Each structure stands twice: as structure tokens, then as C-alpha cells.
Amino acid sequence: MGPSFAERVLSIQSHVVYGYVGGKAAVFPLQCLGYDVDVSYVPSAEGLSAVAKLARKLKGERPNLIYLLDPVLGDAGQLYVAADVIPIYREMLPLATIISPNWFEVETLTDTRLEDLPSLRKAISILHEKYHVPNIVISSIPLTPWLSSALPSKIEHTTDTDKLLCITSSFSPDSDQGRPIVYAHSVPLIPGYFSGVGDLFSALLLAHFPHPTISNTDFSSPETTSIARAAAYALATTHHILCLTHAHATTLPEHERLSTDDEADVVEPLRKTRRMRGRELRVIQGQAAIRGVGVDVKPLVLWDRFWDI
């Protein structure tokens with residue numbers, strides 16, 4: 001079941017000739033779910049400023065326009081981009097309906113090192129209150145001991161690194177909800193590095209917001225937020241595609257099943273290319289899953305004591 005009326009998405013992100021990263025990881029899933037997609041590309045801080053100008057213009061003309069911003073800055077403590085794009089992304093935050101940063105990007109945007117529950121509360125509050133972002137989705141969060149111990153017992157998790165966490169937070173200053181509503185869910189960690197995962201996840205998140213475009217699971221309730229429902233579908237589908245990709249990678253000849261090793265990649269640059277080729281997302285092969293076939297969608301769990309001090 002696709003969108004109930006003609007929907008068009010403008011996808012502005014990187015584009016590659018080979019593989020499934022950036023626009024190539026996002027456009028096909030959106031099309032599978034019934035969206036027409038126009039594609040553009042942002043190569044620099046100057047280009048990002050142009051996107052900010054366009055987003056401001058479109059939001060002014062259509063206040064109800066849904067804008068998902070994935071602030072691609074880096075991961076694992078390292079920037080992938082020039083530092084001059086950080087203030088531009090901060091300027092763009094108030095324009096967004098949804099943002100989908102990773103752990104490191106939340107730290108960078110809020111100038112808050114996430115090392116305990118109070119610092120996580122602070123970072124989420126900054127995004128909601130200072131930058132007026134109504135919907136936040138943080139995915140691929142490593143389950144550190146402090147975070148694992150703080151989770152509600154209803155969320156399946158362990159104290160080691162075999163799980164990744166996804167958190168959503170939604171807040172509307174015009175409502176009487178009081179504090180932001182936080183949901184969370186964990187998924188098994190799949191070994192190895194895969195490119196384009198964030199692009200795929202964000203595309204699916206947008207596709208299923210504010211209402212899922214497929215209906216293979218009935219877990220909607222008055223208490224469940226739209227962003228938590230969208231994240232549940234995006235998380236389940238992305239994980240399914242990763243499982244397909246990992247299963248394919250294990251069938252490759254041994255010399256092509258290369259482990260992630262940054263030092264070895266520096267010595268032999270083509271090694272990384274061969275490894276990434278073997279782990280390209282199985283987006284085409286997983287199109288049935290994108291449409292909801294064979295995907296076990298589990299609802300995110302309300303983190304009802306998140307704001308308790």
C-alpha cells in the first residue's frame with residue numbers, strides 16, 4: 001500500500017556511479033514505496049548553504065512540507081567533512097521536521113559529550129528547545145554500559161556490544177505533552193562495515209512518516225508517536241537488508257571476504273574497494289522487504305522514565 005495521493009520527494013545528497021550509497025541507496029526504496037523522486041547533489045559547504053536557502057524558501061511557501069535532514073558530519077569521533085559545514089547544519093536544524101544524526105553527530109551539533117544519561121537528556125533538550133526540531137531519530141547507537149543500564153527492562157539488550165540502539169524523541173511546543181516523548185529499540189549488531197546504511201534508513205524513515213506506507217504490522221496506538229512508528233518500519237527494513245547483504249558477503253571467495261582493517265587499507269588502498277564491493281547493500285535484491293514482505297516490524301518501546309532525575 002503506497003501513499004494515498006501523489007507524493008514527490010526531492011532528494012539532495014551525494015550520488016555515485018557504482019554501488020548503493022547516498023542517492024542510490026535512497027531513491028530506489030522511495031520509488032518502491034510509491035514516491036516520485038527528484039535528485040540533486042551537494043558537493044560542498046557552498047552547496048549546503050544553497051540547500052538551506054532552498055529549504056527556507058520551500059518551508060515558507062508550504063509550512064506543512066516534511067523536511068528530513070540527515071546532518072552527515074562523521075562517525076566514531078571523526079569528521080568526514082570540512083568543519084565549515086557544522087555551523088551551516090546548525091542553521092538548518094530549525095527548518096527540519098525530522099533529523100537523523102548518529103551519536104557523534106549529536107555530540108557535534110550540540111557541543112555535548114554523551115557520556116551518561118544527564119548528558120543525553122541535555123543534548124536532546126538542546127535539539128528540541130534551542131533548535132526547535134520536533135522529531136529526532138538517533139540510530140546505530142553503541143550500547144555502552146551506562147546506556148544499557150539506563151534502558152527500560154522492556155527493551156531487549158545486553159551489556160556487551162552485540163546490540164545497537166535506536167532512539168526517537170518527539171516534542172511539539174504547541175501541545176500539552178510537557179516533555180519530549182522518547183522511544184527506543186535495539187537490534188542485533190551485524191559484523192562488518194557497510195556503506196549507505198544511513199542513507200537507506202533515512203529514506204525509509206521519510207517514506208513511513210507520518211503514516212506507514214505499508215501495513216503489515218498493527219501496533220499503532222494513541223500513545224505511539226508518528227516518528228516512533230516510522231522508525232520501527234525503517235529500522236526493521238534496514239536490518240533485513242543488512243542481513244541479506246551480510247549473508248551474501250559470506251558466500252564470496254575467501255580472498256574477497258576481507259575484514260575491516262584501517263591499517264591494511266592504508267597499505268593497500270584497493271583493499272577497501274574490494275571489501276566495500278563485497279558488502280554493497282542488497283537493495284535491489286531486497287525490494288520485497290522494502291515493500292514489507294517478510295519483515296518482522298517490532299514497535300519501539302516507550303522510555304517512560306527517561307526524564308526522571
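Residues numbered from 1 in each chain as written. Predicted model: local features only at pLDDT ≥ 70, side-chain atom pairs only at ≥ 80, totals over all residues. Heavy atoms only, no water.

A. Highlighting helix α2 (residues 45–61). Its 17 residues place the ends of α2 24 Å apart at the C-alpha level, agreeing with the 24 Å of an ideal helix rising 1.5 Å per residue. All buried positions along α2 are accounted for by Ala45, Gly47, Leu48, Val51, Ala52, Ala55 and Lys59. The arc that holds every buried residue of α2, seen down its axis, measures 150°, which confines them to one face. Opposite the buried face of α2, by more than 90 degrees, sit the exposed residues Glu46, Lys53, Gly60 and Glu61. Looking at the buried residues of α2, the elements they touch are β1 (8–12) and α3 (86–92). (Helix = DSSP H or I, 4+ residues; strand = E, 2+ residues; numbered from the N terminus. Expected span 1.5 Å × (residues − 1). Buried < 20%, exposed > 50% of the residue type's maximum accessible area, 1.4 Å probe, protein only. Arc of directions from axis to C-beta. Contact = heavy atoms within 4.5 Å.)

B. Up close: the side chain of Ser169. Within the secondary structure, Ser169 sits in strand β8 (residues 163–170). Separated by 2.8 Å, the side chains of Ser169 and His128 make a polar contact. Sequence-distant contacts of Ser169, defined by excluding residues within four places in its chain, comprise Ile124, His128, Pro134, Asn135, Ile136, Pro180, Ile181 and Val182. (Polar contact = N/O pair within 3.5 Å; in protein donor to acceptor, adjacent residues only side chain to side chain.)

C. Geometry of the pairing of strand β9 (residues 181–188). Of all eight residues making up β9, six are buried, and the element is well covered by its neighbours. In terms of strand pairing, β8 meets β9 through eight bridges, oriented antiparallel. In the strand pairing of β9, Cys166 is matched with His185. Examined bridge by bridge, β9 and strand β10 (residues 301–302) share two bridges and lie antiparallel to one another. (Pairing = 2+ DSSP bridges.)

D. Main features of the layout of surface pockets. Counted as a void, the second largest pocket has a volume near 350 Å³. Every residue lining the second largest pocket is counted, 19 residues in all, and those nearest its centre are His185, Ser186, Val187, Asp296 and Lys298. Among the secondary structure elements, those contributing two or more residues to the lining of the second largest pocket are β9 and α8 (226–249). Per element, the largest residue contribution to the lining of the second largest pocket is five residues, and it comes from α8. (1 Å grid on protein atoms, 1.4 Å probe; cavity = no way out; pocket = protein on both sides within 12 Å on 5 of 7 lines; lining within 4 Å. Points joined across faces, edges and corners; volume = space filled by probe spheres on them.)

E. Representation of unusual backbone geometry within the structure. A cis geometry characterises the amide bond from Phe209 onward to Pro210, with omega recorded as 0°. By the secondary structure assignment, Pro210 is in the loop between α7 (197–207) and α8. At Ser140, a position not held by glycine, the phi torsion is positive, near 55°. Position of Ser140 among the secondary structure elements: in strand β7 (residues 135–142).

F. Up close: the packing of aromatic side chains. Under the defined criterion, the tally for this structure stands at three aromatic pairs. An angle of 35° between the planes, with centres 6.2 Å apart, marks the rings of Trp103 and Trp146 as tilted. One end of the pair, Trp103, is in helix α4 (residues 103–110); the other, Trp146, is in helix α6 (residues 145–150), with 43 residues separating them in the sequence. Exposure class is identical for Trp103 and Trp146. Each is buried. Consider the rings of Phe306 and Trp307, whose centres lie 4.8 Å apart with planes at 85°: the pair is edge-to-face. (Phe/Tyr/Trp six-rings, centres within 6.5 Å; stacked < 30°, edge-to-face > 60°.)

G. Quick look at the pattern of salt bridges. Applying the stated criterion across every chain, the model contains five salt bridges. When the shortest N-O distance is used, the salt bridge between Arg305 and Asp308 registers 3.3 Å. Judged by relative accessible area, which is 58%, Arg305 ranks as exposed. With relative accessibility at 34%, the residue Asp308 sits in the partly exposed group. (Salt bridge = Lys/Arg side-chain N within 4 Å of Asp/Glu carboxyl O.)

H. Expanded view of the sheet that holds strand β3 (residues 68–69). Judged by pairing direction, the sheet is mixed, and its six strands sit side by side in the order β3-β6-β7-β8-β9-β10 without closing on themselves. Both edges of this open sheet fall to β3 and β10, since each of them pairs with a single strand only. Pairing geometry for β3 and strand β6 (residues 98–99), over two bridges, is parallel. Among the inter-strand pairings, Leu69 is bridged to a residue of β6, identified as Ile99.

I. Local environment of the packing of α7 against α8. Where α7 contacts α8, the two axes come as close as 8 Å, and the packing angle between them is 140°. On the basis of the axis angle, α7 is oblique to α8. Judged by the twist between their axes, the crossing of α7 over α8 is right-handed. Along its contact with α7, which presents Val197, Leu200, Phe201, Leu204 and Leu205, the element α8 presents Ile227, Ala230, Ala231, Ala234, Leu235, Thr237, Thr238, Ile241 and Leu242. For the contact of α7 with α8, the residue count by class is twelve nonpolar, two polar and no charged. (Axes fitted to C-alpha atoms, helices over the stretch in contact; angles between N-to-C directions. Parallel < 35°, antiparallel > 145°, perpendicular 65-115°, else oblique. Left-handed = near helix turned anticlockwise from the far one by under 90°. Nonpolar A, V, L, I, M, F, W, Y, C, P; charged D, E, K, R; others polar.)

J. Broad picture of the nonpolar core. Counting 45 residues, the largest nonpolar core has Met92, Leu120, Leu147, Leu165 and Trp303 as the members making the most contacts within it. Mapped by element, the contributors of at least two residues to this core are α2, α3, α4, α5 (117–130), β7, α6, β8 and β9. If you tally residues by element for this core, the top one is α5, at six residues. Those residues in contact with Trp303 that sit more than four places away from it in its chain are Leu117, Leu147, Ala150, Leu151, Pro152, Ile167, Val182, Tyr183 and Ala184. With 44 residues, the next largest nonpolar core counts Leu33, Tyr35, Phe209 and Leu242 among its residues. (Core = buried A, V, L, I, M, F, W, Y, C linked by side-chain atoms within 4.5 Å.)

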